[in-house]
Structures are given as C-alpha cells and as structure tokens.
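# Structure assessment
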Amino acid sequence: MVERTDVVVVGAGLAGLSAAWRLRQAGLDVVVCESADEVGGRVRTDVVDGFRLDRGFQVLLPSYPAVKALPGLASLRLQPFARGVVAAGADGRTELVPRRSALGDVARFAVQHTRDVLSLAAFSARDIAAPAKAIRSKPRRTTAAELSEVGLSPGLVDSVFRPFLAGVFLDRDLGTSSRVFHLIWRSFLRGGGALPASGMGALPHLLASFLRPGTVRCNTHVSAVTEHGVRLRTRHAIHARAVVVATDGTAAAQLLPGVTAPEWHSVVTYYYRLPAPPPDTGSTLLVDGELLLNTAVISNVAPGHAPPGRALVAASIPEPSDDPDLEGVVRERLSTLYGTDTSGWDLLRTYEIPQALPVMGPQHPLRQPVRIADGRYVCGDHRDTSSIQGALVSGRRAAAAVIQDLAARGQAARG
C-alpha cells in the first residue's frame, strides 16, 4: 500500500513537531511518523501513582527566544524555580539566591570572594546585553577554559559552576563549547528556570496541538528513507515530495547517509516520594560539588507534580558510575544536603538515559546544514545547540528549507 503526501517528518520530538507546525502553516500536507507511543522524543513526562516524573533532569528556560515565540505558552502554567542556586561542598553551603534569609550568606561570599563577584558580574552583564550573534562569534574553547579566562577562581568553579553546569550540560569536565555556555547562561540570567505545571511533556503536546488531528501517527516505525519517501516497518510506503528526519542524531545517521552520529552525554535521575517536604526547603535548585549532583524538591516548584499531601524530590548525576550501590550513595548524600534522614524515602523510579544530550565540544559548529540531499532534510538539537532552543530552531530551519525548495521546484515546473 502506498500513501502520498507533501512532506513526511520522521520523529515527533520538539524538532519534528516544530518543523511540522511550520510546514502546516505554509499550507503543506504533512505526516509525522513517531515510533514511540507518545509525542515528545526525549522530552516526556510519566505519571506514576499520581506523581509526574520528567524523564531525566529537565528544566525549561522561559527566556529562550523560540519558547517565547510559541502561541499558547501561557497554557503551560510555568512554575518557576527560585532565582539563583544553592551550592553545597566540602566547605559547607553557599546560598547564592536573592531572598532575604540568604542575604547574610551573599554578603559574606561577596566580602570573601570579591574578585569572583566582580568577574561574575562583568561577564554576566555582557551576556545579558549581547545579541546571540555576538556570542556565537566568541573564541572556540571549552567552558572550563572560558571560566578561567573571565577570571573566576578554581574554587568557585569547582564549588558552584562545575556542579551546576554538570547538571545543565551533563558534562563533568566542562568540555562543552564556551559559546553554548554563554548562550544558555544568558537565557538563565534573563528568565531563570521553570517547569510546566503538568510536566515537561506539556511542551511537545502544545506543539502537537498546532497540527491537524491525525497528522502525528504514534507507534509508526520508519525503517528506511527511500527514493520516493519512507518505508515503514509494516512495509507500508509513504511517498512524499520531501522527507525531514527529526529523530535523535544516532537514529538520523542510520536513516540518512551523510549525517554523522553525535557522541552523547548521559544522566541518571532518581525520584523519591515523601510524606512531606524536607524541612526548610524551598524551590531552589541545590547543586553538590562533592558528588556532582543536582537536586530539588520538585513538588515545591510545581505542586501538581505530587498528589496532595505528598512531596517529590528529584536527584540527578551526570553519567552512571560502576558503583553497584550508586543509589545508596546518592541517598546518603541527600541526607547530608537536606539535613534529614532519607532512609525512609521511597524510591519511586530511576531513569538511566545514556543518550540524554549530544556532546558539543569547543569546535562543534553551532549551526549545521539541514539540507542533506535533494528533498532530504535533517533537524534536531544535534544540528544546533544541545537545548530546547536548539531543537525548536532546528525544526524551524528545516521547515524553511523545505518550503523554499518546494516553491523553487514548483516555479521550475511552471517555467
């Protein structure tokens, strides 16, 4: 059986849905093939016993330009983290958050680390004010080298930035491109982090709502990109004028010759359910310099993530270790960080995600071509920056290329 359409999009993650939405706006008929049972790709939320669990550590930065431009963004009912971060290490806790109870800690830190404070303020001010184009043109080096270059002390890097960015980039060594760091830091400073009230999975569902019913076909496995379109695992064929491969980078490399599979950063996230939040906790992200762990009382940030009268704590570490009792080590560290007995915390679910974020080293191009061959396109966060912003922009760029090329073909045919 053969079906015909204008464009087939392979993958219903953020990039694929972004591309499909733009293509549909241009009046093209689109079919989106998704192998999973739901849209979202790596941005999914599971509901377990009334708790909403995002798959891995995920935070939305509302100031991402591509996010701000989405229609209906208010429907996500974004729940903000408290601004700033609490850093814990061998020397105790440093509360770098703008709330009254922490003003003494902030003042003491400023007195003891004047040079760090001045350096941090200087490059942060530049990032807030600079256009994205200027940041992309910065020198190509690692984030670790950049933090040293801007004047931050090794102590501040190891106690605050390394654990914080290990959670953001899933990169213990801070080998991620400094240009990616500045782009993410700029968005973090401009708007902080937040969670949709019903979980991160609400974001791809919002994008899917822009499409006509039936456009997205879940549990539909594309086995090959062919000369005429795509072939499904069921041997059903869909012929199309263009094919956009919007899978993760590894799957894209298998479907499209000429696409190089990325290397990956991984993450392990543990979710614990509690009868009540740990004492004296708020909605601030807590990062740990000893275990390179980040944790938060998710139900303090977004109450709807836990049933009434219960609490939800998330803890993530980049890259699993060989320790067979890793969860026990994490639980013990959480006891210290939260100052409470965690032995009775109920481990609700563990997510080990080996392909969480594409690696983007200092030489990695921040914007790669989306045209691969005549009528064949690729998009995803492996083609832009490893971020929600990158995925959305990549999908938009792929759609623009398809629209331009199909229009040119139509003009050529008429000529």
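Notes on the structure follow. (Residues numbered from 1 in each chain as written. Predicted model: local features only at pLDDT ≥ 70, side-chain atom pairs only at ≥ 80, totals over all residues. Heavy atoms only, no water.)

Further remarks concern the overall build of the chain. A count of helices and strands for the chain gives 13 helices and 19 strands. Relative to the 2.2 N^0.38 estimate, which gives 22 Å for 415 residues, the radius of gyration of the chain is 22 Å and therefore close to what a compact globule would have. Across its three principal axes, the chain shows a C-alpha extent of roughly 75 × 50 × 40 Å. Expressed as a percentage of the 415 residues in the chain, the buried residues total 54%. Pairs at least 24 apart in sequence give 72% of the contacts found in the chain among residues at least 6 apart. Entry remark: accessible area of the chain is about 18000 Å², with carbon and sulfur atoms responsible for 52%. Averaged over its 45 positive side-chain charges, the chain has a centre that lies 11 Å from the centre of its 38 negative ones. (Helix = DSSP H or I, 4+ residues; strand = E, 2+ residues; numbered from the N terminus. Rg over C-alpha atoms; globule rule 2.2 N^0.38 Å. Buried < 20%, exposed > 50% of the residue type's maximum accessible area, 1.4 Å probe, protein only. Contact = heavy atoms within 4.5 Å. Areas by Shrake-Rupley, 256 points an atom, 1.4 Å probe, with all protein chains shown as cover. Lys, Arg positive; Asp, Glu negative; His and termini not counted. Charge placed at Lys NZ, Arg CZ, Asp CG, Glu CD.)

Our next topic: the side chain of Arg383. Counting through the fold element by element, Arg383 comes out in the loop between strand S19 (376–378) and helix H13 (388–414). One buried charged residue, Arg383, remains without a salt bridge, the closest side chain of opposite sign being Asp384 at 6.7 Å. The residues contacting Arg383, other than those within four sequence positions of it, are Val259, Leu366, Arg367, Gln368, Pro369, Ile372, Val378, Ser394 and Arg397. (Salt bridge = Lys/Arg side-chain N within 4 Å of Asp/Glu carboxyl O.)

Attention shifts here to the packing of helix H7 (residues 154–169) against helix H8 (residues 178–191). Contact geometry of H7 with H8 gives a least axis separation of 12 Å together with a crossing angle of 95°. Considered as vectors, H7 and H8 are oriented roughly perpendicular to each other. Of H8, the residues touching H7 (which contributes Phe161, Phe164, Leu165, Val168 and Phe169) are Val180, Phe181, Ile184, Trp185 and Phe188. By residue class, the composition of the contact of H7 with H8 is ten nonpolar, no polar and no charged. (Axes fitted to C-alpha atoms, helices over the stretch in contact; angles between N-to-C directions. Parallel < 35°, antiparallel > 145°, perpendicular 65-115°, else oblique. Nonpolar A, V, L, I, M, F, W, Y, C, P; charged D, E, K, R; others polar.)

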